[in-house]
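Chain and residue survey
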There are 4 protein chains.
Amino acid sequence: MEAALRQAYEAFGETQAERGVDLGAVEERLRAQRVETPSWGYGNSGTRFAVFPQPGVPRNPFEKLQDAAQVHAHTGICPSVALHIPWDRVEDYRELADYAASLGLRLGAINPNLFQDEEYRLGSVCNPDPAVRRRATDHLLECVEIAGEVKSRVLSLWLADGTNYPGQDSFVERRGRMLECLSEVYGRMPEDMRLLLEYKLFEPAFYHTDLCDWGTALTMCQKLGERALVLVDLGHHAQGVNVEHIVSLLLDEGRLGGFHFNNRKYADDDLIVGSVNPFELFLIYVELLEAEENPGVRIEYMIDQAHNIEPKIEAMILSVMNLQEAYAKALLVDREALREARRSGDVLSAHRVLLDAYSADVRPLCAKLREDLGGSADPVAAFRASGYLERVAEERREGRPAGWG
Amino acid sequence: MEAALRQAYEAFGETQAERGVDLGAVEERLRAQRVETPSWGYGNSGTRFAVFPQPGVPRNPFEKLQDAAQVHAHTGICPSVALHIPWDRVEDYRELADYAASLGLRLGAINPNLFQDEEYRLGSVCNPDPAVRRRATDHLLECVEIAGEVKSRVLSLWLADGTNYPGQDSFVERRGRMLECLSEVYGRMPEDMRLLLEYKLFEPAFYHTDLCDWGTALTMCQKLGERALVLVDLGHHAQGVNVEHIVSLLLDEGRLGGFHFNNRKYADDDLIVGSVNPFELFLIYVELLEAEENPGVRIEYMIDQAHNIEPKIEAMILSVMNLQEAYAKALLVDREALREARRSGDVLSAHRVLLDAYSADVRPLCAKLREDLGGSADPVAAFRASGYLERVAEERREGRPAGWG
Amino acid sequence: MEAALRQAYEAFGETQAERGVDLGAVEERLRAQRVETPSWGYGNSGTRFAVFPQPGVPRNPFEKLQDAAQVHAHTGICPSVALHIPWDRVEDYRELADYAASLGLRLGAINPNLFQDEEYRLGSVCNPDPAVRRRATDHLLECVEIAGEVKSRVLSLWLADGTNYPGQDSFVERRGRMLECLSEVYGRMPEDMRLLLEYKLFEPAFYHTDLCDWGTALTMCQKLGERALVLVDLGHHAQGVNVEHIVSLLLDEGRLGGFHFNNRKYADDDLIVGSVNPFELFLIYVELLEAEENPGVRIEYMIDQAHNIEPKIEAMILSVMNLQEAYAKALLVDREALREARRSGDVLSAHRVLLDAYSADVRPLCAKLREDLGGSADPVAAFRASGYLERVAEERREGRPAGWG
Amino acid sequence: MEAALRQAYEAFGETQAERGVDLGAVEERLRAQRVETPSWGYGNSGTRFAVFPQPGVPRNPFEKLQDAAQVHAHTGICPSVALHIPWDRVEDYRELADYAASLGLRLGAINPNLFQDEEYRLGSVCNPDPAVRRRATDHLLECVEIAGEVKSRVLSLWLADGTNYPGQDSFVERRGRMLECLSEVYGRMPEDMRLLLEYKLFEPAFYHTDLCDWGTALTMCQKLGERALVLVDLGHHAQGVNVEHIVSLLLDEGRLGGFHFNNRKYADDDLIVGSVNPFELFLIYVELLEAEENPGVRIEYMIDQAHNIEPKIEAMILSVMNLQEAYAKALLVDREALREARRSGDVLSAHRVLLDAYSADVRPLCAKLREDLGGSADPVAAFRASGYLERVAEERREGRPAGWG
């Protein structure tokens with residue numbers, strides 16, 4: 001640790017000690033934080049208007065793992081990588097898992113793709129055509145198998161199903177079709193596998209989306225079974241919706257399965273988590289802290305972003321740093337003072353308890369933590385200095401860079 | 001029926017006959033349509049910035065019933081009136097019920113008020129203070145009793161509970177408190193009484209609202225019991241939310257209990273239903289039609305509006321007309337053609353089946369219907385011509401006009 | 001005209017005559033209505049998640065004109081076609097214009113593309129790199145020349161410029177760069193050419209968009225000169241924004257240059273105009289009617305939609321029908337009654353004047369009009385019956401269908 | 001200064017010195033920061049559903065000044081108080097100004113009220129009735145006079161004018177009426193007086209608002225003259241609108257006149273500034289910093305909040321602290337590094353320059369500043385400890401507490 005950092009860390013520690021914070025306990029929690037990065041976050045992405053290719057983008061799942069390993073190396077808390085099928089389809093999944101292990105990684109959630117094939121024009125598991133539903137269900141079953149092969153225990157499902165015009169299809173019949181398909185899949189999942197069901201307000205469907213909010217996802221999970229849980233993507237809500245409230249509701253229902261972290265100002269913008277409203281991110285972690293202490297709770301923390309104009313590996317590293325800082329600040333909340341202020345109906349004091357934690361500068365703490373974990377005090381700078389991107393940009397000049405498709 | 005109307009009605013009938021519509025069946029459904037008007041819709045209302053008093057506003061519940069009787073007289077489908085306690089508190093509820101009967105009306109849903117007393121500054125059934133929760137629960141129990149006295153079988157509950165600042169209170173603890181209070185009330189309801197639970201995105205709470213969307217209301221109802229059902233107010237959603245989809249979801253869950261009709265462009269604007277997006281209103285009725293045919297389904301159709309700048313009785317009459325026209329158009333939908341277009345994945349044709357019904361001019365049909373029911377072909381004009389408002393404006397000059405409070 | 005249509009038309013005429021409407025004058029306005037369809041609306045389109053190819057999609061600008069000619073043939077009011085450069089780049093623009101003329105069409109607005117090239121990752125005319133701005137300006141100048149060659153007098157410019165992250169660039173400096181580039185282009189436009197400047201809330205930029213609302217576009221036009229005018233795309237506003245109000249403001253400023261018609265429920269959904277909120281479309285035309293009567297006013301009415309899942313030519317035809325019906329209803333508004341109700345502060349009556357026109361079933365009128373113009377009473381059915389799509393689907397099997405890019 | 005604070009301040013200073021920050025210059029700017037508090041923020045307020053009275057609320061303008069003096073005493077940067085006419089109407093305005101001076105205060109912006117009288121049901125300066133417009137204009141002229149008497153040089157005007165229903169009135173005619181009235185007022189303002197024109201998306205008008213966005217306010221100011229400027233209220237925008245961008249646009253047009261600070265999650269929630277999205281507040285100050293250095297620029301920084309459930313004076317103090325911290329963080333931005341990152345198109349680095357400033361814990365700096373200015377290191381705690389509220393609650397038990405009306 002450099003002298004300046006050490007000094008800042010020590011000053012931070014003193015301040016927190018005065019506040020009565022057990023810094024050791026905070027650091028233990030921080031060390032245990034885990035964030036899964038998505039294989040597709042390392043490939044090219046864009047909007048419907050353009051995809052701007054970047055240098056050094058991986059050409060296959062193995063190279064995506066190499067990039068993910070960089071993020072883990074510099075941050076220390078990202079040992080797993082989510083896969084997307086078919087974008088990450090390989091001949092031999094064991095080989096891929098072994099390669100991940102050789103990089104210090106493991107394979108995480110398996111993400112099926114039910115939105116890209118021509119057959120899915122009118123939906124996948126909700127499609128009026130039973131043959132298309134069969135195809136969709138078979139793809140999900142394939143993903144269950146792949147999960148088994150790579151020892152992943154999470155099927156993470158986003159359905160693009162919906163309609164574009166009033167009258168186009170029956171809301172209720174589509175719901176019934178979805179339930180039938182997912183029930184078959186759920187029934188074939190091994191007992192230690194969990195199904196995470198994601199909802200989204202709109203896009204690509206523009207009139208109605210079959211799983212449009214947490215209520216639609218939750219009621220579907222209720223019908224499927226205990227290992228069906230809801231996945232919250234921070235960019236999938238209507239404007240104004242209080243996401244931390246939804247998080248608490250799903251926790252209270254015992255149905256919060258995981259997160260897709262990102263940020264947005266408008267719609268599903270898929271920006272770097274914490275770049276638009278870092279206070280909201282902090283408030284979400286405040287809800288999670290107590291719940292995490294319950295032994296039964298297991299939540300998958302995953303990033304799902306599209307780095308369209310900024311360098312992808314650096315953006316992923318910054319995202320992880322933002323998650324570390326938000327978590328660290330949430331750990332500084334004086335919970336006893338919070339309880340007391342709430343009990344006495346002291347609105348302003350309760351609010352200030354949160355502000356007090358949020359206003360802290362936790363960068364020295366997080367930097368120290370990352371060094372403890374073998375990562376970097378300033379991971380973006382360290383990654384830039386490493387020359388990795390220049391090297392792979394050279395190595396990967398030939399061939400077709402990975403993207404969505 | 002005037003000649004011009006008769007001619008228009010007959011032309012309409014011919015056109016529909018060519019489309020294969022059974023006009024008799026349509027008229028039977030239309031005759032059975034019922035809309036409950038709210039006692040508070042006849043009193044003065046406004047925004048936080050101003051309440052503009054109107055001439056002739058009723059001074060007590062009896063006079064509100066007189067006004068409601070006018071709406072029923074001219075439209076023929078509004079025989080019941082929702083009460084708000086304490087705004088409609090009287091010494092003798094039997095007397096009020098008898099007076100309603102004398103006007104050809106009956107008393108409908110009982111609406112408790114848990115937002116106006118000073119004690120509710122931090123919430124009612126979710127308040128951190130158990131004494132306040134006790135008070136709130138007692139008020140609900142009082143309303144159950146009043147409902148019994150006036151032979152109403154519906155308790156219609158909107159909770160303003162929420163917080164204004166991050167950290168102010170615990171989402172989960174508040175939820176637990178609400179469940180406890182409502183369980184007590186539910187347990188005391190007679191077996192034929194139903195609890196309708198309303199949700200709302202925001203206002204008066206500006207950070208989180210305890211029942212903020214259909215999911216929060218539904219999961220609470222699931223915990224309470226079968227006679228707890230969700231009430232949809234058309235102005236209580238985030239922008240962009242597909243309300244007809246929510247209606248279908250609640251129907252599919254067997255938990256749609258009723259509506260508060262109104263319209264909005266921005267937030268809970270409480271405008272005349274159908275005045276901003278009449279197509280949405282039509283689409284909602286399209287969802288309801290089939291469900292209504294199920295014998296178990298019973299939905300309370302209620303108006304909840306604030307006529308701040310327009311004359312209240314006329315505005316209520318126009319609202320009912322808009323509901324009649326939306327329902328009539330929905331009844332014209334060629335359901336068989338719709339099913340066929342959906343089955344074959346013909347997006348445009350399915351959409352056009354709805355447009356085809358929506359584009360019809362159903363005013364002659366509705367006018368004829370109203371006349372059949374003893375109402376008026378042009379109810380707003382007939383009401384204006386009746387001189388009622390001028391008469392009551394004179395009669396009610398003294399005393400304090402009713403309002404919110 | 002078929003007997004049933006004739007009967008319906010006559011009944012409509014009688015009803016309107018009773019209302020005091022001069023049907024001849026209405027029909028004259030309707031006959032003069034013009035809608036420009038976009039060449040890119042006939043090519044494949046989609047979302048960032050998928051493009052679902054359709055059979056028979058044109059492979060080049062000439063075939064797009066063939067499809068556009070179908071829309072004109074069946075509706076009678078779409079004689080011009082907007083071009084997009086480079087998607088419609090050809091060797092010889094005179095040849096393209098001649099081909100259009102041979103189909104009874106002419107070439108309309110020229111739409112530059114400043115969003116697709118790799119160089120535009122950080123913007124085009126706002127890019128921090130002067131070389132990129134030069135490139136963008138040169139492309140605009142090229143489009144001015146093309147417009148000259150095809151005798152188009154409209155340059156229709158949408159800028160995707162914006163940023164994705166706070167801090168990424170200087171709002172003010174970007175504005176200065178835009179002004180400099182556009183001033184050069186404006187200065188090179190022939191005196192009878194007009195620049196239409198389009199604004200959009202977001203997408204593809206997710207933090208800020210340089211021309212994000214009508215105010216940003218208008219103030220830029222004020223700086224450029226009198227022939228710089230604002231283009232309103234119905235899907236480019238924040239939720240809740242009153243578009244008809246903006247239309248009236250731009251008319252009052254003398255700066256409304258044109259429309260991109262479409263509809264949306266969420267963001268820039270590019271759905272069929274009138275499919276989500278037909279009442280809003282009617283209200284927009286109500287604003288336009290009086291303004292159109294001013295001899296100095298010239299507004300370009302253009303469609304800009306993406307028919308991702310529905311057949312493109314049919315969808316375009318339905319869009320034009322919806323525009324005809326909205327215009328027809330607006331023409332039925334009793335303006336004198338409206339003025340009188342407004343003057344006397346009779347809110348409900350003024351509102352009902354609009355409802356009265358909107359509730360009319362104008363389909364017989366529009367069908368008759370289309371027949372007068374050589375089109376079809378039921379254009380979608382007539383197009384389907386014509387076998388055109390099947391024929392071109394066969395003819396265009398080889399080669400690469402046109403799309404965005 | 002207490003030892004712990006001194007230590008924290010010194011540690012902060014060292015860290016900033018390492019970053020190359022000239023702390024003296026930062027403190028000079030911070031010392032010059034001024035925030036005007038609103039007289040009405042000390043009176044009772046609420047929503048349309050309830051106003052919850054608080055103990056100790058002032059009963060007249062003199063007592064409001066006493067409360068405002070408390071905020072200034074503890075924060076050091078709030079020497080002026082905005083008045084609202086007629087809520088602050090007094091016999092002798094010189095006396096009120098003298099009383100303010102005796103408390104170390106001065107009277108600030110004069111805020112007319114054109115929304116509360118019965119006559120304004122259909123608008124004030126846009127009302128179709130010329131007599132109402134005359135009344136409204138006369139009230140504005142009265143406020144110009146009052147401003148003269150109290151030596152205020154700012155007329156701060158919010159117009160509630162708008163309509164609730166499509167068709168209710170003519171957008172364009174209303175605009176003309178507003179221009180006529182405001183022109184008369186502008187013409188009567190002394191040469192050193194400025195008119196600040198506020199816009200708002202909606203509420204109390206629910207269909208259209210005459211000044212609904214910055215474009216409507218700006219174009220009106222352009223017509224009025226150079227001393228007509230736009231006032232930005234942070235809660236008056238549609239969801240998603242980028243407020244810092246608007247701030248920069250108005251600065252670039254030379255028309256940013258002032259702020260009404262507050263925060264919102266949904267609509268015009270009027271919460272404590274910085275309580276929902278503190279990062280946005282920081283970004284707004286980033287835009288302001290450079291502009292403030294321009295000698296011609298003068299911006300009024302005012303708070304406009306409604307403390308419905310939290311104690312009003314404490315809430316005002318916390319608001320000022322949040323503004324101090326946001327400003328302080330903005331002053332820490334490494335502008336040279338920002339320029340360099342932007343110049344080279346380094347998106348991530350430019351963004352990180354802002355994050356780097358925002359992440360700092362500026363509380364020791366602000367605490368020290370406040371002490372320098374004679375205020376309190378922890379102003380909320382100091383105010384609580386002072387016993388002021390208990391004292392005035394006792395003194396002000398009799399009489400009618402001030403509120404909106």
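That block above? That's the structure.
Right, let's walk through the structure included here. As the structure is a prediction and not an experimental result, all values here were calculated from the model.

Next up on the list: the overall build of chain A. Looking only at helices and strands, chain A features 15 helices and ten strands. Computed over C-alpha atoms, the radius of gyration of chain A comes to 22 Å, within 12% of the 22 Å expected from 2.2 N^0.38 for 405 residues, which places it in the range of a compact globule. Overall size of chain A, expressed as C-alpha extent along the three principal axes, is 65 × 60 × 40 Å. Looking at chain A as a whole, 68% of its 405 residues qualify as buried. Long-range pairs, those at least 24 residues apart, make up 80% of the contacts in chain A between residues at least 6 apart in sequence. When the accessible surface of chain A is summed, it comes to about 13,200 Å², and 47% of that surface belongs to carbon and sulfur atoms. Mean positive and mean negative side-chain charge positions of chain A (44 and 65 charges, respectively) differ by 1 Å.

With that out of the way, let us pick up the side chain of Arg342(B). Within the secondary structure layout, Arg342(B) lies in helix α11 (residues 335-343). Asp169(A) is the oppositely charged side chain nearest to the buried, salt-bridge-free Arg342(B), at an N-O distance of 4.7 Å. Separated by 2.9 Å, the side chain of Arg342(B) and the backbone oxygen of Gly167(A) make a polar contact. Excluding residues within four positions of it along the chain, Arg342(B) makes contact with Pro128(A), Gly167(A), Gln168(A), Asp169(A), Ser170(A) and Ala350(B).

Turning next to the interface of chain C and chain A. In this assembly, 41 residues from chain C lie in contact with 41 residues from chain A. A buried area of about 3,900 Å², summed over both sides, lies between chain C and chain A, and 65% of it is on carbon and sulfur atoms. Contact with chain A buries surface across chain C, with Arg48(C), Phe49(C) and Tyr165(C) losing the most and accounting together for 23% of the total. Applying the counting criterion to the chain C and chain A interface returns six salt bridges.

Residues and elements named next belong to chain A. Contact pair helix α11 (residues 335-343) / helix α12 (residues 347-358): the axes reach a minimum separation of 8 Å and the direction vectors enclose 160 degrees. As far as their axial angle goes, α12 and α11 are roughly antiparallel. Read as a crossing pair, α11 and α12 show a hand that is left-handed. Contacts between α11 and α12 involve Ala-337, Leu-338, Ala-341 and Arg-342 from the first element and Ser-349, Ala-350, Val-353 and Leu-354 from the second. For the contact of α11 with α12, the per-class residue count stands at six nonpolar, one polar and one charged.

What follows deals with the pairing of strand β9 (residues 256-261) of chain A. Residue and element names in this part refer to chain A. Across the six residues of β9, six count as buried, placing the element largely inside the fold. Two strands pair when backbone bridges link them, and strand β8 (residues 228-233) and β9 are joined in this way by four bridges, in the parallel orientation. Considered in β9, the bridge of Leu-231 is made with Gly-258. Crossover connection from β8 via helix α8 (residues 243-252) to parallel β9: handedness right-handed. Here β9 runs beside strand β10 (residues 300-303); their pairing, made up of four bridges, is parallel. Bridging from a neighbouring strand, Gly-258 pairs with Glu-300 of β10. Remark: the β9/helix α9 (residues 278-292)/β10 crossover connection has right-handed handedness.

Attention shifts here to the packing of aromatic side chains. According to the stated counting rule, one finds 80 aromatic pairs over all chains in the structure shown. Plain terms: the ring middles of Phe259(B) and Tyr301(B) are 5.8 Å apart, the flat faces sit at 5 degrees to each other, and that makes the pair stacked. Separated by 42 residues along the polypeptide, Phe259(B) in strand β9 (residues 256-261) and Tyr301(B) in strand β10 (residues 300-303) bring together distant segments of the chain. For the pair Phe259(B) and Tyr301(B), one class covers both residues: buried. The interplanar angle of 5 degrees and the centroid separation of 6.1 Å between the aromatic rings of Phe261(C) and Tyr301(C) together place this pair among those described as stacked. With a gap of 40 residues between them, Phe261(C) in strand β9 (residues 256-261) and Tyr301(C) in strand β10 (residues 300-303) connect regions that are remote in the sequence.

Conventions and cut-offs
Residues numbered from 1 in each chain as written. Chains lettered and ligands numbered in written order. Predicted model: local features only at pLDDT ≥ 70, side-chain atom pairs only at ≥ 80, totals over all residues. Heavy atoms only, no water. Helix = DSSP H or I, 4+ residues; strand = E, 2+ residues; numbered from the N terminus. Rg over C-alpha atoms; globule rule 2.2 N^0.38 Å. Buried < 20%, exposed > 50% of the residue type's maximum accessible area, 1.4 Å probe, protein only. Contact = heavy atoms within 4.5 Å. Areas by Shrake-Rupley, 256 points an atom, 1.4 Å probe, with all protein chains shown as cover. Lys, Arg positive; Asp, Glu negative; His and termini not counted. Charge placed at Lys NZ, Arg CZ, Asp CG, Glu CD. Salt bridge = Lys/Arg side-chain N within 4 Å of Asp/Glu carboxyl O. Polar contact = N/O pair within 3.5 Å; in protein donor to acceptor, adjacent residues only side chain to side chain. Buried area = accessible area lost by both parts, 1.4 Å probe. Axes fitted to C-alpha atoms, helices over the stretch in contact; angles between N-to-C directions. Parallel < 35°, antiparallel > 145°, perpendicular 65-115°, else oblique. Left-handed = near helix turned anticlockwise from the far one by under 90°. Nonpolar A, V, L, I, M, F, W, Y, C, P; charged D, E, K, R; others polar. Pairing = 2+ DSSP bridges. Right-handed = clockwise from strand over helix to strand, strands pointing away. Phe/Tyr/Trp six-rings, centres within 6.5 Å; stacked < 30°, edge-to-face > 60°.

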